[in-house]
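Notes for the structure review
These are the residues of each chain, in order.
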Amino acid sequence: QKEVEQDPGPLSVPEGAIVSLNCTYSNSAFQYFMWYRQYSRKGPELLMYTYSSGNKEDGRFTAQVDKSSKYISLFIRDSQPSDSATYLCALSGGGADGLTFGKGTHLIIQP
Amino acid sequence: DSGVTQTPKHLITATGQRVTLRCSPRSGDLSVYWYQQSLDQGLQFLIQYYNGEERAKGNILERFSAQQFPDLHSELNLSSLELGDSALYFCASSEGAHEKLFFGSGTQLSVL
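Now for a description of the structure that goes with this document. (Residues numbered from 1 in each chain as written. Chains lettered and ligands numbered in written order. Predicted model: local features only at pLDDT ≥ 70, side-chain atom pairs only at ≥ 80, totals over all residues. Heavy atoms only, no water.)

**Quick word on the nonpolar core**
Ranked by internal contacts, the top residues of the largest apolar core, which has 23 residues, are Trp35, Ile72, Leu74, Tyr87 and Leu91 of chain A. Grouped together as the second largest cluster of nonpolar side chains are 20 residues, Val19, Trp34, Leu46 and Val111 of chain B included. (Core = buried A, V, L, I, M, F, W, Y, C linked by side-chain atoms within 4.5 Å. Buried < 20%, exposed > 50% of the residue type's maximum accessible area, 1.4 Å probe, protein only.)

Written as structure tokens, this is what we have:
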């Protein structure tokens, strides 16, 4: 079983829809949870950063962490064509081992 | 713009050769990370340096090495290159040892 599982997609939704992106993980030591957005052949860009369980909202983006289920989510409201990108979840145990990334979900927002 | 600078943006070389990738972290960031991204493997952590010292090693091959200099810039050296080393190599930096990472725009390495 891989440490972090993420559906690669592609996930195609119409403009204005609510998008739900998810990751599951197996290592209960993960405490820091992040979502990165990556446009084609560009560097990943940090979108959301949360510590432990709970919700965090930033504009149209909401991140949820359920440590009991080892499940994290990113919701995008009022999706726009410019949101079309690959979204990667990233997890850390807080130790000196960098981030563990999911393989990313390719999201397409249709105008 | 993340503030992390990577050079060169593209590198084309032949098998068996050696290349050096360079990274300048964001101003004030002490940690530098190197990641490799390929289509089938996703983002793979290679190595981390914190204030000049190696902090953690991931899936880095013995043919690869890195260092962080006193001015905090870092270099990733790839030697005896193989076709399978073709990938996007990203540098990231963070203020502390394990905080939010900010990525550069990457170096696309093509080994022919």
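**Considerations on the pattern of salt bridges**
Summed over all chains, the structure comprises seven salt bridges over all chains. In this structure, Glu57 of chain A engages Arg77 of chain A in a salt bridge whose closest nitrogen and oxygen atoms are separated by 3.4 Å. Of this pair, Glu57 of chain A sits in strand E6 (residues 54–58) while Arg77 of chain A sits in the loop between strand E8 (71–76) and strand E9 (85–92); the two residues are 20 residues apart in sequence, bridging distant segments of the chain. Glu57 of chain A gets classed as exposed once you look at its relative accessible area, which sits at 57%. Linking Glu82 of chain B and Arg63 of chain B is a salt bridge whose minimum nitrogen-to-oxygen distance equals 3.7 Å. Placement of the pair is Glu82 of chain B in the loop between strand E8 (74–78) and strand E9 (87–94) and Arg63 of chain B in the loop between strand E6 (53–57) and strand E7 (64–68), with a sequence separation of 19 residues. (Salt bridge = Lys/Arg side-chain N within 4 Å of Asp/Glu carboxyl O. Helix = DSSP H or I, 4+ residues; strand = E, 2+ residues; numbered from the N terminus.)

**Observations concerning the interface of chain A and chain B**
Taken together, the contact between chain A and chain B spans 18 residues of the former and 20 residues of the latter. A combined buried area of about 1,600 Å² lies between chain A and chain B, and 60% of that area is made up of carbon and sulfur atoms. Remark: the boundary between chain A and chain B carries four residue pairs in polar contact (both at pLDDT 80 or more). For the side of chain A that touches chain B, the secondary structure elements donating two or more residues are strand E4 (32–38) and strand E5 (45–51) of chain A. (Contact = heavy atoms within 4.5 Å. Buried area = accessible area lost by both parts, 1.4 Å probe. Polar contact = N/O pair within 3.5 Å; in protein donor to acceptor, adjacent residues only side chain to side chain.)

**Brief notes about the state of the cysteines**
Applying the stated rule across the entire model yields two disulfides over all chains. Shown here is the disulfide that connects Cys23 of chain A with Cys89 of chain A, its sulfur atoms set 2.0 Å apart. Disulfide Cys23 of chain A to Cys89 of chain A: torsion about the S-S bond roughly -100°, handedness left-handed. Here Cys23 of chain A, found in strand E3 (residues 19–25), pairs with Cys89 of chain A, found in strand E9; they are 66 residues apart in sequence, far enough to count as distant. For Cys89 of chain A, a relative accessible area of 0% corresponds to the buried category. In this model Cys23 of chain B forms its disulfide with Cys91 of chain B; the gap between the sulfur atoms is 1.8 Å. Taking the sign of the S-S torsion, about -55° here, the bridge from Cys23 of chain B to Cys91 of chain B comes out left-handed. With Cys23 of chain B in strand E3 (residues 19–24) and Cys91 of chain B in strand E9, this residue pair connects regions lying 68 residues apart in the sequence. This pair shows no difference in class: Cys23 of chain B is buried, exactly as Cys91 of chain B is. (Disulfide = S-S within 2.5 Å.)

**Notes on the packing of aromatic side chains**
Residue and element names in this part refer to chain A. Applying the stated criterion across every chain, the model contains 13 aromatic pairs over all chains. Ring centres of Tyr25 and Phe33 lie 5.5 Å apart, and the angle between their planes is 45°; on these two criteria the pair is classed as tilted. On the accessibility criterion, Tyr25 (5% relative accessible area) is buried. Looking at Phe33, the relative accessible area reads 1%, which means it is buried. (Phe/Tyr/Trp six-rings, centres within 6.5 Å; stacked < 30°, edge-to-face > 60°.)

**Considering unusual backbone geometry**
The peptide bond linking Gly9 of chain A to Pro10 of chain A adopts the cis configuration, its omega dihedral lying at 10°. Its place among the elements puts Pro10 of chain A in the loop between strand E1 (4–5) and strand E2 (11–14). The omega torsion across Thr7 of chain B and Pro8 of chain B is -10°, close enough to zero to call that bond cis. Position of Pro8 of chain B among the secondary structure elements: in the loop between strand E1 (5–7) and strand E2 (10–13). Despite not being glycine, Asp78 of chain A has its phi angle at roughly 45°, a positive value. Turning to its location among the elements, Asp78 of chain A is positioned in the loop between E8 and E9. We classify Asp78 of chain A as partly exposed; its relative accessible area is 43%. In this structure, Asn51 of chain B is a non-glycine residue whose phi angle is positive, near 50°.

All quantities given are derived from atomic positions and should not be read as evidence of function.
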